[in-house]
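A closer look at the structure
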Amino acid sequence: MISLNGKLVSRNKALIPGETDGLYYGAGCFETLRSYRGTFLHFEKHLLRLKNGIQFLTDTDKACFSEEKLRKEIRDLLEINGLIDSDAKVRIQLSLGGTHGYSIPSGSDHLNMLISANVLSDTLLNTYSLATVRTRVIPSACKPSDLKLSNMLHYRQAAIEAKMMKADDALMLTTGGKVAESSIANIFWENDGTVYTPSSQCDILPGVTRQTVLKLLGKLNVNTSEGMFDSEEVLKARQVFLCNSIRELVWVDRIDGKPFATQTDLRNLLTGEFERYKEENLK
């Protein structure tokens, strides 16, 4: 079952008109969240980014989307799918209905909201291999990188390239050749006691979990540095890890065939601190 515009329907019976800007132009935005037995980490931050995406695409008032109502729709969906007592991946997809062309629609009536929930596989927690790909991240001057807009073909293409190179995910660079992110996650690496990560100048999606990781590293008194780095800097690192809201923290065991340490003191410390943070902030 999925939730379509507030109604629970069978996945194969969910209908949206074909002639829509969502289909024609990929006009929409989305969020993916991890449900921890019906609770969430930073639900309000994900909702704010979703609202900002809606406002970017339309002149809809952000206040028309209620956190309480959205939480209830998600909980009802988790319950009917038997996922309320397990961890699950929840995706909230908003797309523009109607055919407005290049004009800006107004009001929430022009939006379709589809919410899906699927069981979270334990295999998501395994280590990860990366391959540097040709496909680059899109400059923020062309598309706001701080929003999760539906048109993410560059990420999809990067992931396909990586899989063709027998890797789990892509290491993506900026158009200027600086390290940016993976196709689905933010990247960090450690060398000589300092943890490095690309800054917002690298056209990254500054993830909600990325903000948490930086906060926890500060709490652990680990030196951090945000900036613009060449890929050689990552390859010289002792350890590399990724983060996003679904996978949380994932250590990278190989980039372009080069191995990295995955069982480290930093991993143990940060993972432990992240677990404590979740206990205090899940709601």
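This structure is a prediction, so every number in the text was calculated from the model and none was measured. Per chain, the residues get numbers from 1 upward, laid out in the order the sequence is written. Note on the predicted model: pLDDT of at least 70 is required for a residue's local features to be given, and 80 or more for side-chain atom pairs to be given and counted; whole-chain, interface and lining totals, by contrast, use all residues. With hydrogens and water excluded, all non-hydrogen atoms of the structure serve as input to the side-chain values.

Quick notes on the layout of surface pockets
- Think of a 1 Å grid over the protein atoms and nothing else: a 1.4 Å probe that fits but is trapped marks a cavity, an open set flanked by protein within 12 Å on at least five of seven lines marks a pocket, and residues with an atom within 4 Å of a point count as lining. Grid points are joined across faces, edges and corners, and a volume is the space filled by probe spheres set on the points. Estimates place the volume of the largest pocket at around 740 Å³.
- Strands here mean DSSP runs of E at least two residues long; helices mean DSSP runs of H or I at least four residues long; both are numbered from the N terminus. For the lining of the largest pocket, the secondary structure elements donating two or more residues are strand 3 (28–36), helix 2 (43–57), strand 4 (87–96), strand 5 (111–119), helix 4 (153–164), strand 8 (179–182), helix 5 (208–219) and strand 12 (239–244).
- Residue polarity is assigned by list, with Asp, Glu, Lys and Arg as charged and Ala, Val, Leu, Ile, Met, Phe, Trp, Tyr, Cys and Pro as nonpolar; anything else, Gly included, falls into the polar class. For the lining of the largest pocket, the residue count by class is 13 nonpolar, eleven polar and eight charged.
- For the second largest pocket, the calculated volume is near 350 Å³.
- Taken together, 17 residues form the lining of the second largest pocket, with Y25, G26, A27, F56 and L57 sitting closest to its centre.
- Those elements that place two or more of their residues in the lining of the second largest pocket are helix 1 (21–25) and helix 2.
- Residue classes in the lining of the second largest pocket are distributed as nine nonpolar, six polar and two charged.

Let's talk about the sheet that holds strand 1 (residues 2–4)
- Strands qualify as paired when DSSP identifies two bridges or more between them. Strand order in this open sheet of five strands is 2-1-5-4-3, and the pairing throughout is antiparallel. Strands at the two margins of the open sheet, each flanked by one partner only, are strand 2 (7–9) and strand 3. Averaged over all pairs of adjacent strands, the angle between strand axes in this sheet comes to 20°, irrespective of strand direction.
- In this sheet, strand 2 lies alongside strand 1 in antiparallel orientation, the contact comprising three bridges. In the strand pairing of strand 2, I2 is matched with V9.
- Strand contacts of helix 3 (residues 67–80): strand 1, strand 2, strand 3, strand 4 and strand 5, with the helix running at about 40° to strand 5, the strand carrying the most contacts. Under this scheme, a helix contributes an axis fitted over its contacting stretch, all axes are lines through C-alpha atoms, and angles between N-to-C directions fall in the 0 to 180 degree range. Working rule for contacts: check all heavy atoms of both residues, and any pair within 4.5 Å makes them a contact.

Focus on empty space enclosed by the protein
- Tallying each qualifying case throughout the model produces two cavities of 30 Å³ or more.
- Looking at the largest cavity, it is lined by 13 residues, and the ones nearest its centre are Y36, L41, H46, T209 and S245.
- Residue assignment for the lining of the largest cavity shows that the elements contributing at least two residues are strand 3 and helix 5.
- Split into classes, the residues belonging to the lining of the largest cavity amount to five nonpolar, six polar and two charged.
- Empty space within the second largest cavity amounts to approximately 80 Å³.
- Taken together, V137, I138, K143, P144, S145, L147, M152, H154, Y155, D203 and L205 make up the full set of residues lining the second largest cavity.

A word on the pairing of strand 7 (residues 169–173)
- Across the five residues of strand 7, five count as buried, placing the element largely inside the fold.
- In this structure, strand 6 (residues 128–132) lies alongside strand 7, joined through three bridges in parallel fashion. By the bridge assignment for strand 7, L130 is matched with D169.
- With strands facing away from the observer, any crossover in which the path from the first strand over the helix to the second runs clockwise is taken as right-handed. Each parallel crossover has a hand, and the one from strand 6 via helix 4 to strand 7 is right-handed. Think of it in three bands: residues with accessible area under 20% of the maximum for their type are buried, residues over 50% are exposed, and the middle band is partly exposed, with areas taken using a 1.4 Å probe on protein chains only.

So, the packing of helix 2 against helix 3
- Between helix 2 and helix 3, whose axes approach to 11 Å, the crossing angle comes to 110°. As the angle between them shows, helix 2 and helix 3 are arranged roughly perpendicular. Side by side, helix 2 and helix 3 meet where F43, E44 and L47 of the first sit next to E67, L70, R71 and I74 of the second.
- For the contact of helix 2 with helix 3, a count of residues per class yields four nonpolar, no polar and three charged. Reported orientations rely on four angle classes, namely roughly parallel under 35 degrees, roughly antiparallel over 145, roughly perpendicular from 65 to 115, and oblique for the rest.

Here we look at the packing of aromatic side chains
- Here a Phe, Tyr or Trp ring, Trp counted by its six-membered ring, pairs with any other such ring whose centre lies within 6.5 Å, and the pair is stacked when the planes are under 30 degrees apart, edge-to-face when over 60, and tilted otherwise. The tally for this structure, following the rule as stated, stands at eight aromatic pairs.
- Relative to Y102, the ring of Y25 lies with its centre 5.5 Å away and its plane at 50°, an arrangement referred to as tilted. Placement of Y25 in helix 1 and of Y102 in the loop between strand 4 and strand 5 is noted, with a sequence separation of 77 residues between them.
- Here W189 and F229 contribute two aromatic rings whose centre-to-centre distance is 5.3 Å and whose plane-to-plane angle is 85°, an arrangement assigned as edge-to-face. Residue W189 is found in strand 9 (residues 186–191), and its partner F229 is found in the loop between strand 11 (223–227) and helix 6 (231–235); the two are separated by 40 residues along the sequence.

Some points on unusual backbone geometry
- Phi at K166 is positive, roughly 65°, even though this residue is not glycine.
- Summarising the element assignment, K166 is placed in the loop between helix 4 and strand 7.
- Owing to a relative accessible area of 77%, K166 belongs among the exposed residues under this scheme.
- Even without being glycine, D256 reaches a positive phi, approximately 50°.
- Mapping D256 onto the fold places it in the loop between strand 13 (248–255) and strand 14 (258–259).
- Residue classification places D256 among the partly exposed residues on the basis of a relative accessible area of 42%.

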